[in-house]
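What the coordinates show
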Amino acid sequence: MTKTLWIVLAVVAACVILPAGCSVSSYNNLVGLDQGVQAQWAQVENVYQRRLDLVPNLVETVKGAAAFEKSTFTEVTEARSRAASVSSSGSGRAPADANELRKFEDAQNQLSSSLARLLVVVEKYPDLKATQNFRDLQAQLEGTENRIAVERMRFNEATRAFNTTRNTFPTALIASFFGSRFQEKGYFHADAGAARAPKVAF
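This report concerns the structure included in the present document. (Residues numbered from 1 in each chain as written. Predicted model: local features only at pLDDT ≥ 70, side-chain atom pairs only at ≥ 80, totals over all residues. Heavy atoms only, no water.)

**Quick word on unusual backbone geometry**
For the bond from Phe-169 to Pro-170, the omega torsion is 5°, close enough to zero to count as cis. Note on placement: Pro-170 falls in the loop between α5 (132–166) and α6 (171–177). (Helix = DSSP H or I, 4+ residues; strand = E, 2+ residues; numbered from the N terminus.)

Below, the structure written as structure tokens:
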């Protein structure tokens, strides 16, 4: 009788402890992967901020030589302002869903398009292209665009790792229990025809 009781207690304990242990492990794994996504998002924001910081200097450098291109300067300034407001309106965390990420992406893409148009304007001013200041800014912008592509790729990799784990069984049950805390995360997507960064080399 005592042996049977111990067997029953061991089975009951196993039925309680194993699921609890699995739940704790799944939760901790999700927390670690979520932190990986947040850290990578901080890197994405850093490189986009670097580009935002370069824009005023680039505009001022070009404006001195191309004073009649006022509409282009206005467009770049407005696009930079929109991109900055979308970047600063968040909580510092990765966007909670694909729609939030899309808004961020759209604002950044508008800035990319405006910068591309500004650099086309520069084609009309060979003396400007020859200045050291412009060449330095051009090189920094080109390097920043490359870093943006790399950090977006790394963000997508961290997102894929999180989403894959989040959607596997039994982790999906644990994630759904916590509601939006472990919501599936969105990816960066290239726009149609935007397979390359804005051209900054002349």
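**A closer look at the nonpolar core**
Among the nonpolar cores identified, the biggest contains 23 residues, and Leu-58, Val-62, Leu-111, Leu-115, Leu-118 and Phe-134 are the most heavily contacted of them. For this core, the elements supplying multiple residues, two or more each, are α1 (2–65), α2 (70–88), α3 (98–122) and α5. Apart from the residues within four sequence positions on either side, Leu-58 is in contact with Leu-115, Leu-118, Leu-119, Phe-134, Leu-137 and Leu-141. (Core = buried A, V, L, I, M, F, W, Y, C linked by side-chain atoms within 4.5 Å. Buried < 20%, exposed > 50% of the residue type's maximum accessible area, 1.4 Å probe, protein only. Contact = heavy atoms within 4.5 Å.)

**Here's the deal with the pattern of salt bridges**
Counting across every chain of the model gives 10 salt bridges. Note that Asp-34 is salt-bridged to Arg-181, the shortest N-O span being 3.4 Å. Taken together, the residues Asp-34 in helix α1 and Arg-181 in the segment after α6 connect sequence positions 147 residues apart. For Asp-34, a relative accessible area of 0% gives the class buried. Taking the relative accessible area as the measure of exposure, Arg-181 reaches 31% and is therefore partly exposed. For Lys-185, the salt bridge goes to Asp-34, with nearest N and O atoms at 2.8 Å. Pair noted here: Lys-185 is in the segment after α6 and Asp-34 is in helix α1, with a separation of 151 residues, a long-range link. Both residues of the pair, Lys-185 and Asp-34, belong to the buried class. Here the salt bridges do not stand alone but share partners, grouping Asp-34, Arg-93, Arg-181 and Lys-185 into one network. (Salt bridge = Lys/Arg side-chain N within 4 Å of Asp/Glu carboxyl O.)

**Comments concerning the packing of aromatic side chains**
Evaluated as defined, the whole model comprises 10 aromatic pairs. The lysine or arginine in question, Lys-185, covers the ring of Phe-162, its NZ or CZ lying 4.5 Å from the ring centre. (Phe/Tyr/Trp six-rings, centres within 6.5 Å; stacked < 30°, edge-to-face > 60°. Lys NZ or Arg CZ within 6 Å of the ring centre and 35° of its normal.)

**Regarding the packing of α3 against α5**
α5 packs onto α3 with a crossing angle of 155° between their chain directions and a minimal axis gap of 13 Å. Here α5 runs roughly antiparallel to α3, going by the angle between their axes. Here α3 runs over α5; the crossing is left-handed. Seen from α3, the contacting residues are Leu-101, Glu-105, Leu-115, Leu-119 and Val-122; seen from α5, they are Phe-134, Leu-141, Glu-145, Arg-152 and Phe-155. Counted by class, the contact of α3 with α5 contains 7 nonpolar, no polar and 3 charged residues. (Axes fitted to C-alpha atoms, helices over the stretch in contact; angles between N-to-C directions. Parallel < 35°, antiparallel > 145°, perpendicular 65-115°, else oblique. Left-handed = near helix turned anticlockwise from the far one by under 90°. Nonpolar A, V, L, I, M, F, W, Y, C, P; charged D, E, K, R; others polar.)

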